[in-house]
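The lines below spell out each chain.
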Amino acid sequence: MSETYKIVTDACSDIIPEYADKEGILVIPMEVVMTDGFKFNATYDNAEVPLENFYHKVEGGLMSSTTAVTPQAYLDFFRPLLQDGNDILYNCFTSGMSSTYNNALLVQEQLKEEFPDRRLLIVDSRGATGGMGYQTYFAALNRDQGMSIEDNAKWLEDTRLHINYTWTVSDLNHLRRGGRLTNIAAFAGTLLQLKPVGDINDEGQLVALGTVRGRRSSLKRLADIMAARIDVSADKPVLICHCECAEDAEFLKQKLLETGKTKEVLIGRVGPVVGTHLGPTGITVYYFCDHRGGLK
């Protein structure tokens with residue numbers, strides 16, 4: 001594995017831990033605060049709080065909030081790497097949902113003055129959770145194949161709007177508690193068994209595509225969207241990330257394979273940063289596409 005520069009992301013990326021370990025991808029923790037006062041660090045391997053424990057709390061009605069990575073936390077993370085002579089490429093949580101990216105840019109300017117001979121390149125992923133981790137993993141493979149840090153940063157920027165993000169949930173109440181739906185909409189949707197299906201737009205913000213009646217129908221809808229949007233020429237696997245619904249993830253995997261548009265489907269997890277809003281039934285799908293939104 002090449003060590004010419006370090007690939008870094010943050011805990012919101014929900015990168016598959018085995019892939020991060022294999023490629024030496026470094027992941028910046030993010031603090032999570034539950035409404036019962038419990039605090040912990042979301043890490044790439046969920047070492048502090050296992051995901052089943054976290055989702056048990058969410059299922060019980062607790063919410064959580066996350067604080068943007070602070071400038072000081074960035075300094076503490078990046079400075080030792082630069083002192084050791086490393087260049088850094090950081091794929092950051094979307095600016096559309098957090099001030100994390102802006103904080104990273106502030107620190108970038110300071111560290112440029114401290115380490116004029118080192119390179120710290122920061123890319124706004126315009127994404128979150130598994131899609132962001134998916135893209136980061138391929139950036140690490142680019143590095144392994146000899147791509148320069150500058151070219152790899154450009155690759156991240158060029159491809160960030162060509163990675164699909166679609167999602168659905170079964171329980172609308174978690175979106176309501178997180179401020180994503182009104183009480184009336186959540187109540188009506190629950191009575192009618194309506195399941196929202198959504199995207200992340202070009203600005204890196206959660207948006208709704210519509211609703212489908214019934215859980216299995218919403219999962220099939222994700223597969224239909226994939227079949228219409230996927231760029232098969234990219235020849236990359238499809239990634240599912242779920243909150244706490246492994247059986248539904250396996251069902252969706254089968255539906256994705258049945259489309260004939262992909263031969264490989266990986267399954268990962270949605271961590272605490274996004275999972276509190278989606279709830280235990282949240283499930284997401286990622287793959288390379290011509291463009292986000294709309295159908296091919």
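Note that the structure is predicted; figures quoted are calculated from it, not measured.

Chemist: Teacher, can you tell me more about the packing of helix H9 (residues 215-229) against helix H10 (residues 246-258) here?
Modeler: For any two helices packed against each other, one specifies the inter-axial angle together with the distance between the axes. In contact at an axis separation of 9 Å, H9 and H10 are set at 40° when each is read in the N-to-C sense. One element, H9, and the other, H10, form an angle in the oblique class. Considering how the two elements wind past one another, H9 and H10 form a crossing that is right-handed. Contact with H9, carried on its side by Arg215, Arg216, Leu219, Lys220, Leu222, Ala223 and Met226, involves Asp248, Phe251, Leu252, Lys255 and Leu256 of H10 and no other residues of that element. Looking at the contact of H9 with H10 residue by residue, the classes come out as 7 nonpolar, no polar and 5 charged.

Chemist: Where do I start with the nonpolar core in this structure?
Modeler: Side chains of nonpolar character tend, in soluble globular proteins, to be buried together. Ranked by internal contacts, the top residues of the largest apolar core, which has 67 residues, are Tyr74, Phe78, Leu89, Tyr90 and Leu111. Looking at this core, the element that brings in the most residues is helix H5 (residues 129-144), giving 6 residues. When sequence neighbours within four positions are dropped, the list of residues in contact with Leu111 reads Leu75, Phe78, Arg79, Leu82 and Leu120. Grouped together as the second largest cluster of nonpolar side chains are 20 residues, Leu219, Ile230, Cys245 and Val265 included.

Chemist: What's the story with the environment of Thr70 in this structure? I'm lost.
Modeler: The topology assignment puts Thr70 in the loop between strand E5 (64-66) and helix H3 (71-83). Residue classification places Thr70 among the partly exposed residues on the basis of a relative accessible area of 36%. Expressed as a C-alpha distance, the spacing of Thr70 and Val107, which sit 37 residues apart in the sequence, is 9.4 Å.

Chemist: Could you clarify how one ought to interpret the pairing of strand E8 (residues 163-168) in this entry?
Modeler: Within a regular beta strand, the side chains point alternately toward one face of the sheet and then the other, so they alternate between its two faces. For E8, the buried fraction is high: 6 of the 6 residues fall into the buried class. Burial along E8 is two-sided: the face carrying Ile163, Tyr165 and Trp167 and the face carrying Asn164, Thr166 and Thr168 are both buried. Bridging between E8 and strand E13 (residues 283-288) involves 6 bridges; their strand directions are antiparallel. Opposite Trp167, over in E13, you have Thr284 as the bridge partner.

The rules behind these values
- Residues numbered from 1 in each chain as written.
- Predicted model: local features only at pLDDT ≥ 70, side-chain atom pairs only at ≥ 80, totals over all residues.
- Heavy atoms only, no water.
- Axes fitted to C-alpha atoms, helices over the stretch in contact; angles between N-to-C directions.
- Helix = DSSP H or I, 4+ residues; strand = E, 2+ residues; numbered from the N terminus.
- Parallel < 35°, antiparallel > 145°, perpendicular 65-115°, else oblique.
- Left-handed = near helix turned anticlockwise from the far one by under 90°.
- Contact = heavy atoms within 4.5 Å.
- Nonpolar A, V, L, I, M, F, W, Y, C, P; charged D, E, K, R; others polar.
- Core = buried A, V, L, I, M, F, W, Y, C linked by side-chain atoms within 4.5 Å.
- Buried < 20%, exposed > 50% of the residue type's maximum accessible area, 1.4 Å probe, protein only.
- Pairing = 2+ DSSP bridges.

Nothing here speaks to function; it is all geometry.
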